[in-house]
Amino acid sequence: MSIFEIKEWWGKKVGEDEEFDTNNICVGNVNNATAGGNKIVVGSFQGYLRIFEPQKGEYKSWQLLIEKNLEEGILQVGLGIYGDSGEMLLAVLHSRMLVIYAVETVEDTTQLSLVYRHELSRNSFNFTQGMFGKARNELICVQSVDGQLTIINKDTVQIEIVLPDFYLPGPLIYAKQSDSFIVSNTNLEIECYRYSTLNMQVEARDKRTIKADWTCNIGEQAFHMHYHKNKNTRKYDIIVVGTQTLYILTEGAGKIRYQRRLDYPPSCIKTYHLNSASEIYRDENRDVDQIAEGGANSPCFTFLLGSFSNYILVYRDVQLVWTCKTSHAPIFVDISEFGGTEGLIVHFADNGWLQISYLGTEPPKLNYILPESKEMKYEEMEAEHQRLLGRILASEQDEKTEPDYALSLDYELSKVEEADEYIDDPDNIYAKGDSGRPVRIKCSIILNYDGDEVKNLMVNVNVPDHCEADKTVFSYKILNFGGQRDFKESFYIYARNDFNPVSNEVVVSASYMSPRSTSGVDLRTACKIFELPMTFNCRIIIPSNLKDPNKITIITDKDAAQINSFFEDVIEDLGAHSICTTPNVMSFMYHNNTIVTILISKNAGKFRVQSASFDALGYIIHELIKRINILYSNDVKVDLQDSIPLHELFTAIDDHFELREKIFKSKKKLEDRSYQFRIVEKRLINRFKDKNPTPLNNLDFLLNQTYQDMMNIANEIIEYQKDLKNAAHNLSSRVKIIQILLKYKFDISRESYKLLQDHLSADIHDFDECGWEEHTYAAMTHLLKTCLAKSSKESNASNASIKRLTDTAKLKKHLTIVCDRLARGGVISL
Amino acid sequence: MSDPIWQHREIRFDAPFSQLTLRKGEVLIDSIANVEDTKGNNGDKGNLLITNLRIIWFCDDNKKINLSVGYDCILNSEIKDNNSLMKGSSQALYLRTRFQQSRFEFIFSSLVRDSPRLFSSFQAVIRSYETTKLYRDLKLRGAIVQDSELILLPKEKVFNKYTGVWNLSQEQGNLGSFYISNVRIVWFANLAEGFNVSLPWTQIKNIKVKESKFGTALVLETSEFSGNYVLGFKLDNIEEVHKEIVALYQVYIANPVFGVEAALKEEYEDIEKVTIPKVEDEFEEVDQSDAGPNMVSAQYYLTSGADSYSKKKKSKIIFSEEIGLAVEQPPEGLTLEKLWKIM
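Here the structure is a predicted model, which means the values were calculated and not measured.

Turning next to the packing of helix α8 (residues 646-689) of chain A against helix α11 (residues 772-785) of chain A. Residue and element names in this part refer to chain A. Two elements in contact, α8 and α11, have axes whose closest approach is 10 Å; the angle formed by their N-to-C orientations is 125 degrees. When the axis of α8 is compared with that of α11, the two are oblique. Residues I653, H656, F657 and R660 of α8 form the contact with α11, whose own contacting residues are W772, E773 and E774.

Structure below.
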């Protein structure tokens, strides 16, 4: 939309903090000045009545003819010849009163004198005026908020009548030709009531509800109505402005003869005619004469529309011929003559900005800003340039400096205990001690910070599968260390009774915002990993069965030793001296009642770890090797001779993979069913909407059945997910054993071992598309293509994207090859 | 059209530092550091001072770059999103103003994150300014009288009231009451309360006793801004009243009551802390006179009226038959239709 300027001819902000609406203003020679001249009357909701006599230029204080506080809110002002004198009088509508004043100006003084005053029985909304019933003077018809029309002639109330089915008041106009009142109703319709009908009904004391002469559905809430005498068609039009549309209705029958949808929210309208003949839009399809004569399918007049988007638009017939932007959204627009200048636009905003404007024709110019126009000094620019260059260089060179203060984490573990209060355990998953209470360990995280305070601190605790923490997240908006320097948070870790311990590590991580010494903050993290004590994971029992099927032998280069010497602390803590009497055998029982036994060779430093469950071996082996290393102060060579139990790993992989497949398939099925459900639903809705519905044809049955299916599948998925968690745990424990075996069997260095753990991970995370199998397959392929490649020909690391596996054969094959290559002395390196 | 007190009536760009110091009766209401003048000096940090008469902004690095926007020039204000070089997308205070036929737009963004103070302080003050015009503007025929008594403004104190004072502006003279307060002089007719005048001290140019056809009269001349009115009053013991008015005038023209009140929640120390001490500036006072705005800087803020501003070209208003409205005479050889189609 273009934008020519609107130029102010005169302007004034009316009132101080007062409010106005469309009806609160009128323009005319209110004081019947002999010299003529239009004045603007403005009444505010706050009760102030003001009359202005504008002159070109800035507002001057003498242009206010009168300002009077009427002490009651003004709803509408109007000018008309309400009395016999033939003089213009001023009507002011308050909520319960209609007052007619005569406005007189003598010399410099303007005064209001009361002519008539009517107390109204109902709260009024607006009024319209006209020579109803061919009267000689103008009558006033007041509409109340509850739909009563009160027709007032001079000092008498002529008619009081209530409109039927009335809920909300809207605009009201008087149509002269048909001598009728036109109102909008809450059904989004325009209604027409003849004055004569109202008159007769009142005179006959007819109690029946009055009937509208016509109604016309416009489908929108009407906001403004105007009565327009159309010079071109020589008929009267009723112009209605709704929320988004302009309608033109014929007066006689109330038919919509033109409508125009607007692409902005209209706020006010003013219709008028041009003196020139070219008012009606012509093109080859439009015969102007015919349009004017009969079937007028266009407005055939000129009009201004104000919009809430701060525009005033000028339409000539169907054509938009001008647009300009106003500083305030106009709620009232009129065309009037002031100071000898015809065609000035009076526009008024609800905040009181009253302006008289004309249209600017200077094409809008862009204000180019010349850079030279700013005072610039070469030295200053140079200095700034150097400063900026310095900063760029500094940020490129400098390593990120660590903040002055850092948060460190530490931990404290109490002794393993049995809970002394009631712990809710509905699924019965907590391992119970001798007293039947859950086994737990109190864990304290110590936050240490040498600065004053940190912001947005968040501490996360991650515990292994076989235990549960009662609180895993601690967060603080601000933590103030001022003075005390450390801060302690405690929580309990409970042992579960349904898993073998695999990993024993608790990971505590913290993220926080640390204020810099200069300004700003840094986002930092801190992390602490610690192990849970063995006493928390298992107990020592009297060895009974020494012939378990799953066994792994650990060979050291040291002489035979007593088993107790490795587990002194555990025995001490558990008070198990009485049980540990055999020097070469010790049995541990996990909370899930799996027993693992360690046998020591009497002659050499050989250990055998055995259990009924293969998965259970990992943890004890891990602990044992750790303790061997401690006892011999790392000066010991540990070797494992057993073959790599790939078979066990593969079974676990198959179990795990199969469950993932099942879940995947079930989810597909669920997707199918829910799609079907939606389709059936849609069809049903369509049937119910139909005017003549067809039979359901068992659609309802199908809907029901589909719903049942969906529920069953969803439950199935939940079950599978539980199983998957177990399978993942088993897989994890077997991977762990394999890791240990690979390490000691092939004597893998510490760094390589770390890499191996990363490639063949014991952390199992499962997602539909990409689970442990996919990751591991990709990692194994990568190893085989890079560091474990047979020849340089094979070694080309390509970054193939990870795809869903359809079976595990290839994965198994690659795992086997990796183990083979490691056995042949392959080294995993970056 | 000038008002002796220009601070709230005018917009000045890059004014000499002396003009930025507060005048008497002008009170610093809030001072906010780290405010960017997004329109004219995007990227430069500055200080925004909100007084009871105007907004002053000056650049931290170069105090020669500054703005003084009188509240009387403000047409409307708005809080909108904008783009600042210093802060990126942020909320800013938009001021649309008018001064000498030109329209200027100012955008101030607070660079302190989530700080609504810039907006809240300003809005409180401008609201107060808009509702206290009687303290500063001449008003004729206003609704200032109720039940034959003057409606007092907040903090207004009446020093003296004289009855039986004749206003000599009309042929026959009018009998009325005459009030002298710390804010203004008011006279209203006894018979027609609507016939009245409220004249703040700041709008008085001259006070004298003069002979007229009605005899010795007290004559008050209003400022040019208020239209150079000459108001004549006839009253008893005219010499005494004249003395009293002259004495009060000297007090209140020097230290006027402007009526703008804005109570801010912030504790006072806070303001004190950020207030820039009014040190006498290090710059030479190039121009002590009330020079017009610096046009070069003004260009940055101009939204319309550029031509009329620089050339003072009077546009002719004609009635356009084409659209039935008053329009500015189109450039030679162009019709409205042609103009419209170009766009």
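This brings us to the pattern of salt bridges. Two side chains bearing opposite charge may form a pair once their charged atoms approach each other closely. Going through the model one piece at a time under the given rule, you end up with 44 salt bridges over all chains. Among the ionic pairs, E78 of chain B bridges to R96 of chain B, the shortest N-O distance being 3.2 Å. Here R96 of chain B lies in strand β7 (residues 88-99) and E78 of chain B lies in strand β6 (residues 74-84), a separation of 18 residues in the sequence. Judged by its relative accessible area of 33%, E78 of chain B is partly exposed. With a shortest N-O distance of 3.2 Å, K161 of chain B and E149 of chain B are connected by a salt bridge. Placement of K161 of chain B in strand β12 (residues 158-167) and of E149 of chain B in strand β11 (residues 149-150) is noted, with a sequence separation of 12 residues between them. Its relative accessible area of 37% is what places K161 of chain B among the partly exposed residues. A residue is classified by how much of its surface remains accessible, and E149 of chain B, at 40% relative accessible area, is partly exposed. Each of E531, D569, E623, K626 and R627 of chain A takes part in one network of salt bridges that share partners.

A few words now on the interface of chain A and chain B. The partner chain B presents 57 residues to the 62 residues of chain A that form the contact. When chain A packs against chain B, the two sides together hide about 5000 Å² of surface, and 51% of this comes from carbon and sulfur. The interface formed by chain A and chain B contains 6 salt bridges. Two residues, K7 of chain A and E328 of chain B, come together in a salt bridge whose shortest N-O distance is 3.4 Å. Where chain A touches chain B, the interface holds 20 residue pairs in polar contact (both at pLDDT 80 or more). Those elements that place two or more of their residues in the side of chain A that touches chain B are β1 (6-13), β5 (64-69), β9 (109-119), β23 (302-307), β24 (311-316), β25 (319-325), β27 (341-349) and β28 (353-359) of chain A. Broken down by element, the side of chain A that touches chain B gets its largest block of residues, 6 residues, from β5 of chain A. Counted by class, the side of chain A that touches chain B contains 25 nonpolar, 18 polar and 19 charged residues.

Glancing now at helix α2 (residues 238-254) of chain B. Three or four residues apart is the spacing at which side chains of an α-helix point the same way, because the helix has 3.6 residues per turn. Residues and elements named next belong to chain B. With 17 residues, α2 extends 24 Å from end C-alpha to end C-alpha; this agrees with the ideal 24 Å at 1.5 Å per step. Those residues of α2 not exposed but buried are I238, V241, H242, E244, I245, L248, Y249 and Y252. For α2, the angular spread of buried residues about the axis comes to 160 degrees, placing them on one side. Opposite the buried face of α2, at more than 90 degrees from it, the exposed residues are E239, E240, K243 and Q250. Residues of α2 that are buried make contact with β12, β13 (174-181), β14 (184-189), β16 (204-212), β17 (215-222) and β18 (230-234).

In terms of nonpolar packing, the biggest core is built from 69 residues, with I554 and F567 of chain A touching the most fellow members. In terms of residue count, the dominant contributor to this core is helix α9 (residues 699-745) of chain A (9 residues). Residue contributions to this core reach at least three from each of two domains, namely domain 3 (536-640) and domain 4 (646-823) of chain A. Setting aside chain neighbours within four positions, we find I554 of chain A in contact with G605, K606, F607, V609, I621, L624, I625, I628, V638, D639 and L640 of chain A. Ranked by size, the runner-up nonpolar core spans 33 residues in total, among them W57, Y71, L95 and L302 of chain B.

Residues and elements named next belong to chain A. Counted by the stated rule, this structure contains 38 aromatic pairs over all chains. Ring centres of Y411 and F530 lie 4.0 Å apart, and the angle between their planes is 10 degrees; this geometry places the pair in the stacked category. In this pair, Y411 sits in strand β29 (residues 407-418) while F530 sits in strand β36 (residues 521-531), placing the two residues 119 residues apart along the sequence. For Y411, a relative accessible area of 30% translates into the label partly exposed.

A separate point is the side chain of S44 of chain A. All names here are of chain A. With respect to the helices, strands and loops of the structure, S44 is situated in the loop between β3 (39-43) and β4 (48-52). Within the local environment of S44, its side chain forms a polar contact with the side chain of E18, the two groups lying 2.7 Å apart. Once residues lying within four places of it in the same chain are set aside, the contact partners of S44 are E18, E19, F20, N24, G73 and I74.

Below, the discussion takes up the sheet that holds strand β22 (residues 266-272) of chain A. Residues and elements named next belong to chain A. Taken in spatial order, the 4 strands line up as β22-β23-β24-β25 in an open sheet, and their pairing is antiparallel. Two strands close off the open sheet at either side, each with one partner strand: β22 and β25. Between one strand and the next, the sheet's axes are offset by a mean angle of 20 degrees, whatever the strand orientation. Sheet analysis places β22 next to β23, joined by 6 bridges and oriented antiparallel. Pairing of T271 across the sheet is with F303, part of β23.

So, about the confidence of the model for chain A. Here chain A averages 85 in pLDDT, and 93% of its residues register 70 or above. The least confident element of chain A is helix α2 (residues 288-293) of chain A, whose mean pLDDT is 66; the most confident is β3 of chain A, at 95.

About the criteria used
- Residues numbered from 1 in each chain as written.
- Chains lettered and ligands numbered in written order.
- Predicted model: local features only at pLDDT ≥ 70, side-chain atom pairs only at ≥ 80, totals over all residues.
- Heavy atoms only, no water.
- Axes fitted to C-alpha atoms, helices over the stretch in contact; angles between N-to-C directions.
- Helix = DSSP H or I, 4+ residues; strand = E, 2+ residues; numbered from the N terminus.
- Parallel < 35°, antiparallel > 145°, perpendicular 65-115°, else oblique.
- Contact = heavy atoms within 4.5 Å.
- Salt bridge = Lys/Arg side-chain N within 4 Å of Asp/Glu carboxyl O.
- Buried < 20%, exposed > 50% of the residue type's maximum accessible area, 1.4 Å probe, protein only.
- Buried area = accessible area lost by both parts, 1.4 Å probe.
- Polar contact = N/O pair within 3.5 Å; in protein donor to acceptor, adjacent residues only side chain to side chain.
- Nonpolar A, V, L, I, M, F, W, Y, C, P; charged D, E, K, R; others polar.
- Expected span 1.5 Å × (residues − 1).
- Arc of directions from axis to C-beta.
- Core = buried A, V, L, I, M, F, W, Y, C linked by side-chain atoms within 4.5 Å.
- Domains from an automatic or database assignment.
- Phe/Tyr/Trp six-rings, centres within 6.5 Å; stacked < 30°, edge-to-face > 60°.
- Pairing = 2+ DSSP bridges.
- pLDDT = per-residue confidence, 0-100.

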